[in-house]
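Here's the letter readout for the chains.
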Amino acid sequence: QVQLVESGGSLVQAGGSLRLSCAASRSISSFNSMGWYRQAPGKQRELVGIITSGGTTNYADSVKGRFTISRDNAKYTIYLQMNNLTPEDTAVYYCHAHMYNSQMYSYWGQGTQVTVSS
């Protein structure tokens, strides 16, 4: 069983920055992709961005140019650097990992709260 543990969520003022971390319990090189999702109160969970095993990244339009996903294979960790935060970025942020090995596997972290005050 794979465990994903997010950290780094906090209360921050608009215009500020945060870096979230997601530590996996096994090598992240085994995952086809990892990513970040978020869920604001009363809204559906939405994709923030993903990073593939090859290092390719894709982002939601709402965060392009402000958020960056990176990975450290040696630390089994991916990161979400968030800059120029706005109150609309307030949400619980979840880490996700996807792996295909004769069947599809999908793993989620427990989430970390990000609150942006105006």
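On a predicted model such as this, the values are computed, not experimentally measured, just so you know.

**Structural notes on the sheet that holds strand 1 (residues 4–7)**
For step 1, the next point in the chain: Spatially, 1-3-8-7 is the arrangement adopted by the four strands of the open sheet, whose pairing is antiparallel. The outermost strands of the open sheet, each flanked by one partner alone, are strand 1 and strand 7 (67–72). Strand-to-strand, the axes of this sheet are offset by a mean angle of 15°, without reference to chain direction.

**Things to note about the nonpolar core**
Note that soluble globular proteins tend to have their nonpolar side chains buried in a common cluster.
For step 1, the next point in the chain: Residues L4, F31, M34, W36, L80, M82 and Y93 are the most contacted members of the largest nonpolar core, which totals 31 residues.
For step 2, the next point in the chain: Those elements giving two or more residues to this core turn out to be strand 3 (18–24), strand 4 (33–39), strand 5 (46–52), strand 7, strand 8 (77–82), strand 9 (91–100) and strand 11 (112–117).
For step 3, the next point in the chain: Per-element tally for this core: the top contributor is strand 9, with five residues.

**Digging into the side chain of T112**
For step 1, the next point in the chain: The topology assignment puts T112 in strand 11.
For step 2, the next point in the chain: For T112, a relative accessible area of 10% corresponds to the buried category.
For step 3, the next point in the chain: Polar contacts involving the side chain of T112 include one to the main-chain amide nitrogen of G9, which spans 3.1 Å.

**Regarding the pattern of salt bridges**
For step 1, the next point in the chain: If you walk through the whole model with that rule in mind, you get four salt bridges.
For step 2, the next point in the chain: One salt bridge connects R38 with D89, and the closest N-O pair in it is separated by 2.9 Å. In this pair, R38 sits in strand 4 while D89 sits in the loop between strand 8 and strand 9, placing the two residues 51 residues apart along the sequence. Each member of the pair, R38 as well as D89, is classed as buried.

**Observations regarding the state of the cysteines**
For step 1, the next point in the chain: For the structure shown, the criterion picks out one disulfide.
For step 2, the next point in the chain: Each disulfide pairs two cysteine sulfurs, and for C22 the partner residue is C95, the sulfurs being separated by 2.0 Å. Its torsion about the S-S bond being -80°, the disulfide of C22 and C95 is classed as left-handed. Placement of C22 in strand 3 and of C95 in strand 9 is noted, with a sequence separation of 73 residues between them.
For step 3, the next point in the chain: For C95, a relative accessible area of 0% puts it in the buried group.

The rules behind these values
Residues numbered from 1 in each chain as written. Predicted model: local features only at pLDDT ≥ 70, side-chain atom pairs only at ≥ 80, totals over all residues. Heavy atoms only, no water. Pairing = 2+ DSSP bridges. Helix = DSSP H or I, 4+ residues; strand = E, 2+ residues; numbered from the N terminus. Axes fitted to C-alpha atoms, helices over the stretch in contact; angles between N-to-C directions. Core = buried A, V, L, I, M, F, W, Y, C linked by side-chain atoms within 4.5 Å. Buried < 20%, exposed > 50% of the residue type's maximum accessible area, 1.4 Å probe, protein only. Polar contact = N/O pair within 3.5 Å; in protein donor to acceptor, adjacent residues only side chain to side chain. Salt bridge = Lys/Arg side-chain N within 4 Å of Asp/Glu carboxyl O. Disulfide = S-S within 2.5 Å.

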